[in-house]
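Single-letter residue listing:
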Amino acid sequence: MPRHSVAVIIAFLTLLPGVASAVNVVSLGDLPVRYMTDEDRNILRAAATGTLDGTPEGNTVRWENPKTGAHGDLTPRASFDRAGQSCRDLEVANSARGHDNRIVLTLCKQPDGEWKVQPQ
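Residue positions are given per chain, counting from 1 as you read along its sequence in written order. Side-chain atom pairs in this predicted model are given and counted only at pLDDT of 80 or more, local residue features only at pLDDT of at least 70, and totals for whole chains, interfaces and linings cover all residues. Processing note: side-chain calculations cover all non-hydrogen atoms of the structure and skip hydrogens and water entirely.

Peer 1: Please set out the state of the cysteines residue by residue, giving values where relevant.
Peer 2: Two cysteine sulfur atoms form a disulfide, by the criterion used here, when they sit within 2.5 Å. The full count for this structure, using the stated rule, is one disulfide. The disulfide bridge from cysteine 87 ends at cysteine 108, spanning 2.0 Å between sulfur atoms. Taking the torsion about the sulfur-sulfur bond, which here is approximately 105 degrees, the covalent link between cysteine 87 and cysteine 108 counts as right-handed. Linking cysteine 87 in strand β3 (residues 85-96) with cysteine 108 in strand β4 (residues 99-109), this pair joins segments that are 21 residues apart in sequence. The pair cysteine 87 / cysteine 108 is uniform in exposure class, with both members buried. Helix and strand assignments come from DSSP, with helices taken as H or I runs of at least 4 residues and strands as E runs of at least 2, each series counted from the N terminus. Burial classes follow relative accessibility: with a 1.4 Å probe on protein chains only, a residue under 20% of its type's maximum area counts as buried, one over 50% as exposed, and anything between as partly exposed.

Peer 1: A description of the nonpolar core should follow, citing residues and the corresponding values.
Peer 2: Within the largest apolar cluster, 19 residues are counted, with the highest numbers of intra-cluster contacts made by Met36, Trp63, Leu74, Leu90, Val92, Leu105 and Leu107. If you list the elements that add at least two residues to this core, you get α2 (38-54), β3, β4 and β5 (115-117). With four residues, α2 is the single largest residue contributor to this core. Nonpolar cores are built from buried Ala, Val, Leu, Ile, Met, Phe, Trp, Tyr and Cys residues. Side-chain atoms within 4.5 Å join them into one set.

Peer 1: Quick one: what's the story with α2, residue by residue and with numbers?
Peer 2: Residues separated by three or four positions in an α-helix point in the same direction, a consequence of the helix having 3.6 residues per turn. In this model, α2 (17 residues) spans 24 Å end to end at C-alpha, consistent with the 24 Å of a helix rising 1.5 Å per residue. All buried positions along α2 are accounted for by Asp40, Arg41, Leu44, Ala47, Ala48, Thr51 and Leu52. Projected down its long axis, α2 carries its buried residues within an arc of 130 degrees, all on one side. With respect to the buried face of α2, the exposed residues turned more than 90 degrees away are Asp38, Ala46 and Gly54. Between the first and last residue of a helix there are one fewer steps than residues, each counted as 1.5 Å, and that sum is the expected span. The arc under discussion is defined with respect to the helix axis, by the directions toward the C-beta atoms.

Peer 1: Mind laying out the pattern of salt bridges, listing which residues take part and the relevant values?
Peer 2: Between side chains of opposite charge, a pair can form when the charged atoms approach closely. Put simply, a salt bridge is a Lys or Arg side-chain nitrogen that is within 4 Å of an Asp or Glu carboxyl oxygen. Considering all chains together, one arrives at six salt bridges under this definition. Of the charged contacts, one joins glutamate 39 and lysine 67 as a salt bridge, the two residues approaching to 3.2 Å between their closest N and O atoms. Remark: lysine 67 occurs in the loop between β1 (61-64) and β2 (71-82) and glutamate 39 occurs in helix α2; sequence separation between them is 28 residues. Linking arginine 77 and glutamate 91 is a salt bridge whose minimum nitrogen-to-oxygen distance equals 2.6 Å. One end of the pair, arginine 77, is in strand β2; the other, glutamate 91, is in strand β3, and 14 residues separate them in sequence. Look at glutamate 91 and you get buried, because its relative accessible area is 14%.

Quick look at the structure:
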């Protein structure tokens, strides 16, 4: 996996519950998440969870924080079952303070209801 993809996965992980404290945001280079406020990340987190839980494949959900201008699009690409877990491929495009990125991640819903990024 290219180095950039690993960095983007780490950046997305900071948006999921229980992982933010495990990642040093300063080490994320110029990725948008580094320039997001806590409020931006909370809006993105809620949008990602809602998208994964209920948006049909191919439909895009836009999130935005009008206070900061941070925004992005979340598009589920595929839904499938993996070892008894519901999983989805999610295209994530984010922008904050002029920094943009786009990646497709595979996430699976855990028994506690949280979505977890799966290794590529």
